[in-house]
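Each chain, letter by letter, is given below.
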Amino acid sequence: MIGIDEKGGNVGGIPVLRKNRGKNMNETKRQYEYLEVARKEVEKLSREAGRKLTFCVNTFGCQMNARDSEKLVGILEQAGYEKSDSEEADFVLYNTCTVRENANLRVYGRLGHLNRLKKKNPHMRIALCGCMMQEAHVVEKIKKSYSFVDLIFGTHNLYKFPELLANMLASDRMIIDIWEGTDQIVEDLPTDRKYPFKSGVNIMFGCNNFCSYCIVPYVRGRERSREPKAIIREIEKLVADGVREVMLLGQNVNSYGKTLDEPVSFARLLEEVEQVEGLERIRFMTSHPKDLSDELIQVMAKSQKICRHLHLPLQSGSSRILKEMNRRYDQERYLELVEKIRAAMPDISLTTDLIVGFPGETESDFEETLKVVDQVGYDTAFTFIYSKRSGTPAAAMEDQVPDEVVKERFDRLLKLVQERGRQESSRFLGTNQEVLVEEVSHHGEGLLTGRMGQNLLVHFPGEKELIGKTVTVRLEQCKGFYYIGEKI
Ligand code: SAH
Ligand code: SF4
Ligand code: F3S
């Protein structure tokens, strides 16, 4: 929403809005040059300090933010910093989210703590990036009340992080670089994956849907799809590096490819990804119900690799509220879609997002949500209390629902979601299932945690060496949202 550049050094004169379609190889090269500058500076500082400098990246948002953080981590590692889980580090970066008010509050809450750490460590640098930084009032507040922050950048210029890092290290003033938008996608910068065996892969950025409650289109900009070739090349590289499962990421993957010079449907892209040899599992999120095509259902149904799981956000069961939300489907269409999906894939797992307390939501609107939740039978649902986001159409709507009414509805919804989730997710009890082993389980000594294609978790006895492998497990007990199993 704003474009500010406030520091000397060599950042000077950044225009507010960049429009730079076309080849971005030069930009990648430029950023690698800055990475080298940053690396030399980090080396010098390490020598002075007599130890390696450390960094800590904290992610507050969705899977797309988490994927962005992997890129930031990759860049920091190449700059010579050592990763640390503690915020008592030489460089702390918060990758923020602003989808709901509480995401913002958490960031402000923790900044005070960072300030105290910075007073103890003269080398410490603090940076903020991500969706929250795209809001002008946030940046104003940070400038005013959190002047100890060294660097602020946004979502559109994340690829410029090597340059910003180099500039930050050469300066002792706050650097702010926020762009209003971009149509540029810069490929091939370093990344560091959280898991060696699975990875998110961005297939598109931004969102054009403007659901009336949602701030994402304002902070992430217009929808842009990556070229299929670039996506496939990235997945091939990941697989060569040990990845077995990819999660294709976008705010609305079902509208993938519409803005490409040569449009490609999401279903076609999935067919191409399926061809990548050595890849075992394909997941994706999020699917907007309005754009979910018959072609996609067919491709999923015949696929050997696409997981039998669809995250299909409903938001509200009331057709009247859905209209106000600008979701562009109604209850009837949503239920028809679910029926079609289930007919093609009876073993599919469905999950969803729900918002309680959208402006004007009446008791009978809310009961429609309960009705759909009961009827569909989701394995899990993420339930959110409506949060007013300034600048969105819903924020200006009259008839905001009183807090105590919202709270009471939220509790009722959560109860139903949990009850139905427990019933639905027990349907695989007694069967054998392939699971990808993800980590040592927190559910007991000697247990591992694996994930089924349907996204359900299974805890079973096994050795750490199995992490990252696919094994068959018999599901012995259902504990509500997870199973206890035995390896076959
Ligand atoms: N692109 C995805 C959603 C991304 S945001 C989609 O359309 O499904 C993730 C979830 O946050 C949304 O599905 C919605 O349930 C919730 N959400 C978004 N804005 C919100 C708000 N203002 N208040 C409460 N929940 C919100
Ligand atoms: Fe937000 Fe709607 Fe876009 Fe999802 S589709 S990110 S809810 S505007
Ligand atoms: Fe949050 Fe931005 Fe994701 S607002 S939900 S981190 S796209």
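Keep in mind the model is a prediction, meaning the values are calculated, not measured.

Q: Which parts of the structure should I look at to understand the UniProt feature "domain: Radical SAM core" (unreviewed entry) in the protein?
A: UniProt's feature table lists "domain: Radical SAM core" (unreviewed entry) at residues 193–423, given in the numbering used throughout. Between the end C-alpha atoms of residues 193–423 there is a gap of 35 Å, over a span that is 39% helix and 16% strand.

Q: What's the story with the site of ligand 2 in this structure? I'm lost.
A: As a matter of local geometry, ligand 2 sits amid Cys207, Asn209, Phe210, Cys211, Tyr213, Cys214, Val216, Pro217, Gln251, His288 and Arg327. Residue composition of the shell around ligand 2, grouped by class: seven nonpolar, three polar and one charged.

Q: Hey, could you run me through the site of ligand 1 in this one?
A: Taken together, the neighbourhood of ligand 1 is formed by 15 residues, with Arg100, Gln251, Gln315, Asp353 and Ser387 sitting nearest. One of the backbone N or O atoms of Gln251 is found 2.8 Å from a nitrogen atom in ligand 1. Protein burial of ligand 1: of its 540 Å² of free accessible surface, 91% is covered by the chains. Of the residues assigned to the shell around ligand 1, the class counts are seven nonpolar, four polar and four charged.

Q: Explain the pairing of strand β7 (residues 198–202) to me, please; I cannot follow it from the model alone.
A: Within a regular strand, side chains alternate between the sheet's two faces. Counting buried positions over the five residues of β7 gives five, a clear majority of the element. As paired strands, β7 and strand β10 (residues 245–249) are joined by five bridges and run parallel to one another. Note on β10: the bridge partner recorded for Ser199 is Val246.

Q: How should the sheet that holds strand β1 (residues 54–59) be read in this particular structure?
A: The strands that make up a sheet pair up through hydrogen bonds in the backbone, lying either parallel or antiparallel. On the basis of which strands lie adjacent, the open sheet formed by six strands has the order β2-β1-β3-β4-β5-β6 and parallel pairing. At either end of the open sheet lies a strand with only one pairing partner, and these are β2 (82–83) and β6 (175–177). Relative to strand β4 (residues 125–130), strand β3 (residues 91–96) is paired through six bridges, and the arrangement is parallel. Bridging across to β4, Phe91 finds its partner in Arg125.

Q: When you look at the UniProt feature "domain: TRAM" (unreviewed entry) in the protein in this model, what are you seeing that I'm missing?
A: Taking the numbering used here, the UniProt-annotated feature "domain: TRAM" (unreviewed entry) corresponds to residues 426–488. Spanning residues 426–488, this segment combines 0% helix with 56% strand, and its end C-alpha atoms are found 20 Å apart.

Q: What am I meant to see in the domain arrangement of the protein here?
A: How big an interface is tends to be stated in terms of accessible area lost as the parts join. Entries for the protein in the domain assignment read domain 1 (21–175) and domain 2 (428–485). One C-alpha centre belongs to domain 1, the other to domain 2, and the line joining them spans 36 Å.

Q: Would you mind showing me how to read the side chain of Ser441 here?
A: Relative to the helices and strands, Ser441 resides in the loop between β15 (432–440) and β16 (447–452). On the basis of relative accessible area, Ser441 is assigned to the buried category, the value being 6%. Among the polar contacts made by the side chain of Ser441, one reaches the main-chain amide nitrogen of His443 at a distance of 2.8 Å. Contacts of Ser441, omitting those with residues within four sequence positions, involve Leu447, Leu448, Thr449 and His459.

Q: Looking at this structure, how should I read the nonpolar core?
A: Soluble globular proteins: nonpolar side chains tend toward being buried together. The biggest cluster of nonpolar side chains holds 69 residues, and the ones touching the most others in it are Ile235, Val246, Leu248, Phe266 and Phe284. Among residues more than four places away in sequence, those in contact with Leu248 are Val201, Ile203, Ile235, Val253, Phe266, Leu270, Val273, Ile282, Arg283, Phe284 and Met285. Of all hydrophobic cores here, the second largest spans 28 residues; its members include Leu93, Phe161, Leu165 and Leu169.

Q: I tried to follow the packing of aromatic side chains on my own but got confused; where do I start?
A: Each aromatic ring pair is specified by the distance between its two centres and by the angle formed by the two planes. Enumeration over the complete set of coordinates arrives at 14 aromatic pairs. Between the aromatic rings of Tyr108 and Tyr146, the centroid separation amounts to 5.8 Å while the plane-to-plane angle is 20 degrees, which identifies the pairing as stacked. In this pair, Tyr108 sits in helix α3 (residues 101–120) while Tyr146 sits in the loop between α4 (136–145) and β5 (151–153), placing the two residues 38 residues apart along the sequence. The exposure classification of Tyr108 matches that of Tyr146, with both residues buried. Ring plane angle 40 degrees and centroid distance 5.9 Å describe the contact between Tyr329 and Tyr334, whose orientation is recorded as tilted. Taking the relative accessible area as the measure of exposure, Tyr329 reaches 6% and is therefore buried. By the ring-pair criterion, three or more aromatic residues cluster together here, those being Phe55, Tyr81, Phe91, Phe153 and Phe161. Lying over the aromatic face of Tyr108, Lys141 brings its terminal NZ or CZ to 4.0 Å of the ring centre. In this structure, Lys198 packs its charged tip against the face of Tyr195, placed 4.9 Å from the ring centre.

Q: Before we go on, may I ask you to explain the pairing of β15 in this structure?
A: The pairing of β15 with strand β18 (residues 470–478) spans five bridges and is classified as antiparallel. The residue bridging Leu436 from the neighbouring strand is Thr470, located in β18. In this sheet, β16 lies alongside β15 in antiparallel orientation, the contact comprising five bridges. Bridged to Leu436 within β16 is Arg451. Linkage of β15 to β16, two consecutive antiparallel strands, is achieved through a turn of six residues, within which Gly444 is found at a positive phi near 155 degrees.

Q: Can you walk me through helix α13 (residues 403–425) in this structure?
A: Each α-helix winds once per 3.6 residues, and so residues spaced three or four apart point in a common direction. For α13, with 23 residues, the first-to-last C-alpha span of 32 Å sits near the 33 Å given by 1.5 Å per residue. All of the buried residues along α13 are Val406, Arg409, Phe410, Leu413, Leu416, Val417, Arg420, Gly421, Glu424 and Ser425.

Q: Sorry, what's going on with the sheet that holds strand β11 (residues 281–285) here?
A: Read across the sheet, three strands follow the order β7-β10-β11 without closing on themselves; strand pairing throughout is parallel. Two strands lie at the open edges of the sheet, namely β7 and β11, each paired on one side alone. Averaged over all pairs of adjacent strands, the angle between their axes in this sheet comes to 25 degrees, without regard to strand direction. The strands that helix α7 (residues 228–240) touches are β7 and β10; relative to β7, the one it contacts most, it runs at about 165 degrees.

Q: Would you take a moment to explain the packing of helix α8 (residues 266–274) against helix α9 (residues 294–302) for this structure?
A: How two helices sit against one another is set out by the angle between their axes and by the gap between those axes. The N-to-C vectors of α8 and α9 enclose an angle of 20 degrees; their axes lie 8 Å apart at closest approach. Our classification of the angle between α8 and α9 gives roughly parallel. The hand of the α8/α9 crossing is left-handed. Residues Phe266, Ala267, Arg268, Leu270 and Glu271 of α8 form the contact with α9, whose participating residues are Glu295, Leu296, Val299 and Lys302. Tallied by class, the residues present in the contact of α8 with α9 amount to five nonpolar, no polar and four charged.

Rules and cut-offs
- Residues numbered from 1 in each chain as written.
- Chains lettered and ligands numbered in written order.
- Predicted model: local features only at pLDDT ≥ 70, side-chain atom pairs only at ≥ 80, totals over all residues.
- Heavy atoms only, no water.
- UniProt positions renumbered as here; feature names shortened; annotations may be inferred.
- Helix = DSSP H or I, 4+ residues; strand = E, 2+ residues; numbered from the N terminus.
- Near = heavy atom within 4 Å.
- Nonpolar A, V, L, I, M, F, W, Y, C, P; charged D, E, K, R; others polar.
- Polar contact = N/O pair within 3.5 Å; in protein donor to acceptor, adjacent residues only side chain to side chain.
- Areas by Shrake-Rupley, 256 points an atom, 1.4 Å probe, with all protein chains shown as cover.
- Buried < 20%, exposed > 50% of the residue type's maximum accessible area, 1.4 Å probe, protein only.
- Pairing = 2+ DSSP bridges.
- Domains from an automatic or database assignment.
- Contact = heavy atoms within 4.5 Å.
- Core = buried A, V, L, I, M, F, W, Y, C linked by side-chain atoms within 4.5 Å.
- Phe/Tyr/Trp six-rings, centres within 6.5 Å; stacked < 30°, edge-to-face > 60°.
- Lys NZ or Arg CZ within 6 Å of the ring centre and 35° of its normal.
- Expected span 1.5 Å × (residues − 1).
- Axes fitted to C-alpha atoms, helices over the stretch in contact; angles between N-to-C directions.
- Parallel < 35°, antiparallel > 145°, perpendicular 65-115°, else oblique.
- Left-handed = near helix turned anticlockwise from the far one by under 90°.

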